[in-house]
Amino acid sequence: MQIFQSIISFFSIISAITPNLELVAALLSLWCVWLAAKNNILNWPVAMLGSIGYIFVFTSVKLYSDAMLNTIFLAFQAYGWYAWNKENKSKVNGSETALSVSVLKPKLGVGLFAIALIIYYPWIIFISQWLPNQHWILLGYSVQFHAPMMPYLDAAMMFVSLIALYLQSKRILFHWYLWILVDLVYVPIYIKSETYYTAILYAIYIPMAIAGLKLWKAQLRPDSRV
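Small disclaimer: the values here were computed from a predicted structure and weren't measured.

Enquirer: Can you tell me about the packing of helix H5 (residues 106–130) against helix H6 (residues 151–169), naming the residues and giving the values?
Expert: Taken N-terminus to C-terminus, the directions of H5 and H6 make an angle of 145 degrees; their axes are 9 Å apart at the nearest point. Relative to H6, the crossing made by H5 is right-handed. Between H5 and H6, the residues in contact are Leu108, Leu112, Phe113, Ala116, Ile119, Tyr120, Trp123, Ile124, Ile127 and Ser128 and Pro151, Tyr152, Ala155, Ala156, Met158, Phe159, Ile163, Tyr166 and Leu167, respectively. For the contact of H5 with H6, the residue count by class is 18 nonpolar, 1 polar and no charged.

Below you can see the structure in the form of structure tokens.
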């Protein structure tokens, strides 16, 4: 808990002294994807730092759905870090086992997207009808919520992102296809919101995700199943 509070304080100081917090968060996020493409477990703690930074960034520019998404990301990233670390501790002949990559089982894919679809419309109602004009205290900051930007598309990308992150934590190859889709859609969203560093970041993500997909395919076991 003290570590988490220290991280929050660190980003609070950065946000207070520099207008380039978005750039800091973007660079951390870029590093995270590079590490993930390399199948490196350190992608998870770096991703958590980037998400915390983006909570501040998206709140400041009134992209509240994205701020909430990055808050949810923290829990998934913590789980992914735990899951990868648990697998990474396995030993074979005194050395760590290679971290396995799996393919997506249709039943799991259908189940995840069905759950997302069930939650989608209640979420739309929440952000479009209930959340506007609410006043919350987030991470010690007073936030006044307004009508969301592009709520339907933004919400859809939120759920696709969460599915991709879950599949990534399970080391399932298909998550790269979802990240490519998310990256393509988010670029114009961030251009419209004038978060240009983030728009550039997501444009860079596209070839990185394609490269990650190729690297993970090379590590896929012929007999791999979920």
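Enquirer: Can you break down empty space enclosed by the protein residue by residue, with the values?
Expert: Scanning the model with the defined rule gives 2 cavities of 30 Å³ or more in all. Computed from the structure, the largest cavity encloses a volume of approximately 420 Å³. Around the largest cavity, the lining is made up of 28 residues, and of these Val33, Phe73, Trp179, Tyr202 and Tyr205 lie nearest the centre. Elements represented by at least two residues in the lining of the largest cavity include exactly helix H2 (21–37), helix H3 (43–60), helix H4 (64–88), H6, helix H7 (175–192) and helix H8 (196–219).

Enquirer: Account for the side chain of Thr198, naming residues and giving values.
Expert: By the secondary structure assignment, Thr198 is in helix H8. The class of Thr198 is buried, set by a relative accessible area of 0%.

Enquirer: Now, about unusual backbone geometry: what can you tell me, with residues and values included?
Expert: A positive phi angle, close to 60 degrees, is found at Arg171, a residue other than glycine. Tracing the backbone through its elements, the reader meets Arg171 in the loop between H6 and H7. One non-glycine residue, Glu194, lies in the positive phi region at around 65 degrees.

Enquirer: Outline the packing of aromatic side chains, supporting the account with residue identities and numerical values.
Expert: The tally for this structure, following the rule as stated, stands at 12 aromatic pairs. With a centroid separation of 5.3 Å and an interplanar angle of 20 degrees, the aromatic rings of Phe126 and Trp130 are classed as stacked. Of the two residues, Phe126 and Trp130 are both situated in helix H5; the distance of 4 residues between them amounts to about one turn of the helix. Grouping aromatic residues by their ring pairs yields a cluster made of Tyr54, Phe58, Tyr186, Tyr190, Tyr202 and Tyr205.

Enquirer: A description of a nonpolar patch on the surface should follow, citing residues and the corresponding values.
Expert: A cluster of nonpolar side chains, namely Ile115, Ile118 and Ile119, defines an oily patch on the protein surface of about 300 Å² accessible area. Examined against the element boundaries, Ile115 turns out to sit in helix H5. In this structure Ile115 comes out as partly exposed when scored by relative accessible area, which is 48%.

Enquirer: Describe H3, with residues and values.
Expert: With 18 residues, H3 extends 26 Å between its outermost C-alpha atoms, agreeing within 8% with the 26 Å of an ideal straight helix rising 1.5 Å per residue. In terms of burial, H3 is largely enclosed, as 16 of its 18 residues are buried. Backbone geometry just after H3 places Lys62 at a positive phi near 65 degrees.

Enquirer: A description of H2 should follow, citing residues and the corresponding values.
Expert: Taking 1.5 Å as the rise per residue, H2 with 17 residues should run 24 Å; its terminal C-alpha atoms sit 25 Å apart, in good agreement. All buried positions along H2 are accounted for by Leu21, Glu22, Ala25, Ala26, Leu28, Ser29, Cys32, Val33, Leu35, Ala36 and Ala37. Remark: Asn39 follows H2 within two positions and exhibits a positive phi of approximately 65 degrees.

Enquirer: Go over the packing of H6 against H7, please, and point to the residues and values.
Expert: Running from N to C, H6 and H7 point in directions that differ by 150 degrees, and their axes come no closer than 9 Å. Here H6 is positioned roughly antiparallel relative to H7, judged by the angle of their axes. Crossing angle aside, the handedness with which H6 passes H7 is left-handed. Between H6, through Leu153, Asp154, Met157, Met158, Val160, Ser161, Ile163, Ala164, Leu165, Leu167 and Gln168, and H7, the contact on the second element is made entirely by His175, Leu178, Trp179, Leu181, Val182, Val185, Tyr186 and Ile189. By residue class, the composition of the contact of H6 with H7 is 15 nonpolar, 3 polar and 1 charged.

Calculation rules
Residue positions within a chain follow its written sequence, with the count starting from 1. In keeping with the predicted nature of the model, local features appear solely for residues at pLDDT of at least 70, side-chain atom pairs appear and are counted solely at 80 or more, and the whole-chain, interface and lining totals rest on all residues. The side-chain figures draw on all heavy atoms in the structure; neither hydrogens nor water molecules are used. Where helices are involved, their axes are fitted lines through C-alpha atoms of the stretch in contact, as for all axes, and angles between N-to-C directions lie from 0 to 180°. Helix and strand assignments come from DSSP, with helices taken as H or I runs of at least 4 residues and strands as E runs of at least 2, each series counted from the N terminus. The hand of a helix crossing depends on one turn: near helix anticlockwise from the far one by less than a right angle means left-handed, and clockwise means right-handed. We call two residues contacting when some pair of their heavy atoms lies within 4.5 Å. Each residue gets one label: Ala, Val, Leu, Ile, Met, Phe, Trp, Tyr, Cys and Pro are nonpolar, Asp, Glu, Lys and Arg are charged, and the others, such as Gly, are polar. The definitions used throughout rest on a 1 Å grid laid over the protein atoms alone, on which a cavity is an enclosed set of points accommodating a 1.4 Å probe that cannot get out and a pocket is an open set flanked by protein within 12 Å on both sides along at least five of seven lines; lining residues are those having an atom within 4 Å of a point. Grid points are joined across faces, edges and corners, and a volume is the space filled by probe spheres set on the points. Throughout this description, buried means an accessible area under 20% of the type-specific maximum (1.4 Å probe, protein chains only), exposed means over 50%, and partly exposed covers the range between. Only centres within 6.5 Å qualify two rings of Phe, Tyr or Trp (six-membered ring in Trp) as a pair; their planes then separate them into stacked at under 30 degrees, edge-to-face at over 60, and tilted for everything else. Think of a patch as exposed residues, more than 30% relative accessible area, with no salt bridge, where like charges cluster within 9 Å and nonpolar side chains (Val, Leu, Ile, Met, Phe, Trp, Tyr) cluster within 5 Å. Note on areas: Shrake-Rupley, 1.4 Å probe, and residue coverage restricted to the protein chains presented here. Between Lys or Arg on one side and Asp or Glu on the other, a salt bridge is scored when a side-chain nitrogen of the former is within 4 Å of a carboxyl oxygen of the latter. To estimate the expected span of a helix, subtract one from its residue number and multiply by 1.5 Å. Orientation categories follow fixed angle ranges, with anything under 35 degrees roughly parallel, anything over 145 roughly antiparallel, 65 to 115 roughly perpendicular, and all other angles oblique.

Geometry only, nothing functional implied.
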